[in-house]
Amino acid sequence: MRKRLEILLAGRAREELKALESLLCSQGDIQVSSRQMVNGNVDPLEGVSPLPDALVLLVGDLWEAELTALCERPASERPPLLVVGPKGNVELIRLAMRAGARDFFSPPIDDGEILQFLRELARDRRQDPGRVARTTAVINAKGGSGASLVAANLAHRLARKGRSTVLVDMDVQFGSLPLYFNLVPDHGLVRALESADSLDTLALEAYLRRHDSGVGLLASSPGDHLSLGEVPEGRVEQLLQVLAQANDEVVVDLPRWINGAIACVLERADQVLVVLQQGVAHLHDAQRLRDILIHELGLLPSRVSVVVNRYDKRSDIDLEAIGDALPGLVLRTLPNDFKQACHSINVGSPLGEIAPKSPLTRQLKALVEALDAPPPAAGPPRKRSLLGWALPGRH
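Just so you know, these numbers come straight off a predicted model, no measurement behind them.

A. Summary view of the overall build of the chain. Counting secondary structure elements, the chain contains 16 helices and 13 strands. Taking all 395 residues of the chain together, the buried fraction comes to 51%. Partitioning the intrachain contacts of the chain with sequence separation of at least 6 by distance along the chain shows that 76% fall at a separation of at least 24.

B. Quick look at the environment of leucine 95. As for its placement among the helices and strands, leucine 95 is situated in helix 3 (residues 90-98). Since its relative accessible area comes to 7%, leucine 95 is described here as buried. Each C-alpha atom of the pair leucine 95 and leucine 297 lies 9.0 Å from the other, and the pair is 202 residues apart in sequence. Not counting the four nearest positions on each side in its chain, leucine 95 is found in contact with Trp63, Glu64, Leu67, Thr68 and Cys71.

C. Looking closely at the packing of helix 5 (residues 147-160) against helix 15 (residues 359-372). Interhelical geometry of helix 5 versus helix 15 gives an angle of 70 degrees and a closest axis separation of 10 Å. As the angle between them shows, helix 5 and helix 15 are arranged roughly perpendicular. Contacts between helix 5 and helix 15 involve Leu149, Val150, Asn153, Leu154, Arg157 and Leu158 from the first element and Leu360, Leu364, Lys365, Leu367, Val368, Glu369 and Leu371 from the second. For the contact of helix 5 with helix 15, a count of residues per class yields 9 nonpolar, 1 polar and 3 charged.

D. Main features of the environment of aspartate 53. With respect to the element layout, aspartate 53 can be found in the loop between strand 2 (30-36) and strand 3 (54-58). According to the relative accessible area criterion, aspartate 53 is buried, its value standing at 18%. In the structure, aspartate 53 is positioned 27 residues away from proline 80 in sequence and 6.9 Å away in space, judged by C-alpha atoms.

E. Region of the structure containing the pattern of salt bridges. If you walk through the whole model with that rule in mind, you get 17 salt bridges. Ionic pairing is found between aspartate 372 and lysine 161, a salt bridge with its closest N-O pair at 3.2 Å. Separated by 211 residues along the polypeptide, aspartate 372 in helix 15 and lysine 161 in the loop between helix 5 and strand 7 (165-169) bring together distant segments of the chain. Relative accessible area serves as the criterion here: at 32%, aspartate 372 is assigned to the partly exposed category. On the basis of relative accessibility, which here comes to 32%, the residue lysine 161 falls in the partly exposed class. The partner of arginine 268 in a salt bridge is glutamate 237, with the nearest N and O atoms 2.8 Å apart. Remark: glutamate 237 occurs in helix 9 (residues 233-246) and arginine 268 occurs in helix 10 (residues 260-268); sequence separation between them is 31 residues.

F. Structural context of the sheet that holds strand 10 (residues 249-254). Taken together, 8 strands build an open sheet; the order of strands is 8-9-7-10-6-11-12-13 and the sheet is mixed. A single partner strand is all that each edge strand has here, and the edge strands are strand 8 (209-210) and strand 13 (330-335). In terms of strand pairing, strand 7 meets strand 10 through 5 bridges, oriented parallel. From the neighbouring strand, leucine 167 faces strand 10, where its bridge partner is valine 251. Along the sheet, helix 5 makes contact with strand 6 (134-140), strand 7, strand 10, strand 11 (271-276) and strand 13, crossing strand 10 at roughly 170 degrees. Across the sheet, helix 11 (residues 280-296) is in contact with strand 6, strand 11 and strand 12 (304-311); its angle to strand 11 comes to roughly 165 degrees.

G. Just the nonpolar core, in detail. Residues Val272 and Leu293 are the most contacted members of the largest nonpolar core, which totals 56 residues. For this core, the element with the most residues is helix 9, which contributes 7 residues. Residues contacting leucine 293, with those up to four places away along its chain left out, are Leu266, Val272, Val274, Gly298, Leu299 and Val304. If you look at the next biggest cluster of nonpolar residues, it comprises 30 residues, including Ala147, Leu149, Leu167 and Val275.

H. Examining the packing of helix 2 (residues 63-71) against helix 3 more closely. Running from amino to carboxyl end, helix 2 crosses helix 3 at an angle of 20 degrees, the nearest separation of the two axes being 9 Å. With respect to their mutual orientation, helix 2 and helix 3 come out roughly parallel. Remark: the crossing between helix 2 and helix 3 carries left-handed chirality. Touching Trp63, Glu64, Leu67, Thr68 and Cys71 of helix 2 are Glu91, Leu92, Leu95, Ala96 and Arg98, all from helix 3. A class-by-class count of the residues in the contact of helix 2 with helix 3 yields 6 nonpolar, 1 polar and 3 charged.

I. Spatial organisation of unusual backbone geometry. The omega torsion of the bond from serine 49 to proline 50 falls at -5 degrees, within 30 degrees of zero and hence cis. Within the secondary structure layout, proline 50 lies in the loop between strand 2 and strand 3. With a phi close to 55 degrees, asparagine 182 is a non-glycine residue in the positive phi region. With a relative accessible area of 61%, asparagine 182 lands in the exposed category.

J. Structural detail: the pairing of strand 1 (residues 5-11). Here strand 1 lies mainly inside the structure; 6 of its 7 residues are buried. Bridge count for strand 1 against strand 2 is 7 bridges, and the pairing is parallel. Directly across from leucine 9, in strand 2, lies its bridge partner serine 34. Sheet topology places strand 1 next to strand 3; 5 bridges connect them, and they run parallel. Residue glycine 11 lies in a different strand from strand 3, and its bridge partner there is leucine 58.

K. Local environment of the side chain of serine 213. Following the sequence through the fold, serine 213 ends up in the loop between strand 8 and strand 9 (216-218). The class of serine 213 is buried, set by a relative accessible area of 16%. There is a polar contact of 2.8 Å between the side chain of serine 213 and the side chain of histidine 211. Within the structure, the side chain of serine 213 is placed 3.5 Å from the backbone nitrogen of valine 215, a separation counted as a polar contact. Contacts of serine 213, omitting those with residues within four sequence positions, involve His156, Ala159, Arg160 and Glu353.

Calculation criteria
Residues numbered from 1 in each chain as written. Predicted model: local features only at pLDDT ≥ 70, side-chain atom pairs only at ≥ 80, totals over all residues. Heavy atoms only, no water. Helix = DSSP H or I, 4+ residues; strand = E, 2+ residues; numbered from the N terminus. Buried < 20%, exposed > 50% of the residue type's maximum accessible area, 1.4 Å probe, protein only. Contact = heavy atoms within 4.5 Å. Axes fitted to C-alpha atoms, helices over the stretch in contact; angles between N-to-C directions. Parallel < 35°, antiparallel > 145°, perpendicular 65-115°, else oblique. Nonpolar A, V, L, I, M, F, W, Y, C, P; charged D, E, K, R; others polar. Salt bridge = Lys/Arg side-chain N within 4 Å of Asp/Glu carboxyl O. Pairing = 2+ DSSP bridges. Core = buried A, V, L, I, M, F, W, Y, C linked by side-chain atoms within 4.5 Å. Left-handed = near helix turned anticlockwise from the far one by under 90°. Polar contact = N/O pair within 3.5 Å; in protein donor to acceptor, adjacent residues only side chain to side chain.

By themselves these figures say nothing about function.
Okay, structure coming up:
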């Protein structure tokens, strides 16, 4: 017997919950339960186990706290989300998308909208029930910091741990990730974006190149000609949804250009790794990127980590200075092993295969373990150094 769709309604207005419950129950083979949120409760899923097949959230005056509570949950603990709220609130809609909302409806809701949502939900559950990948975005604070090296070896390590992993090179013009695996994409990222509206988990495989480790690489083909401005945001969102259904881990190497398509990836990411080196120019750009991520895109600081590549403890710009310039962000380091890193790229083989015992490889493994661990609490505020005063930021 086919299992009924289980949908949880959550909100603060009792009468609106009852009306929407009646509408949903009239649509077919579904089971609906309602939860009225009262007093200080802002998490619609607090104490809910098992998770429903979908959550329909009716937002009210406390919409920011309710949606932020969902954002703070790992992607694997967020069921498909439909948000119902007032028209015209752009910030509400953007936060709803970051929380994973598939759609946003405004009252009055007609039967056709609800029916379409239920059809898509049932189709996705048939394709791969319950699977939601973790998405990790990697981006340079300044060009050449080493984000591609981090992304490639991060994905390789995750695959070696037995997780279904796809690595996406979002630089459609100058992407270099195929070199790290000695692969040449055929029907790659651009073709996948063109077909994103009809793509499913089975068709996705035709656009990937598989490395022996199991990493599925999605990158532009040599003959592709597309500028960053031509990458449609909606197609990127559709592609990310399919990637998340088909894998355990999605690692995205981002170009240092924040347009709508790149912002779409950043807002969806469970963790953003900002890669920089120990230099004043790197810190200056990292401050600006931090402002964009937290103040403009609205990411929580707990979702952003800083990776200091080629770390040298004798540098004038030490970890304390970096922490002062980038408050609230977790700092991690990778040792300076330029020779081994270059050799890895030149021969097209990940560090875990050609130098498994090198300090750089060990620290990359530690980075993977850190991603799996709960985020550490940010340390107490520190007195700013002279370098911090030389690098003012909007905190």
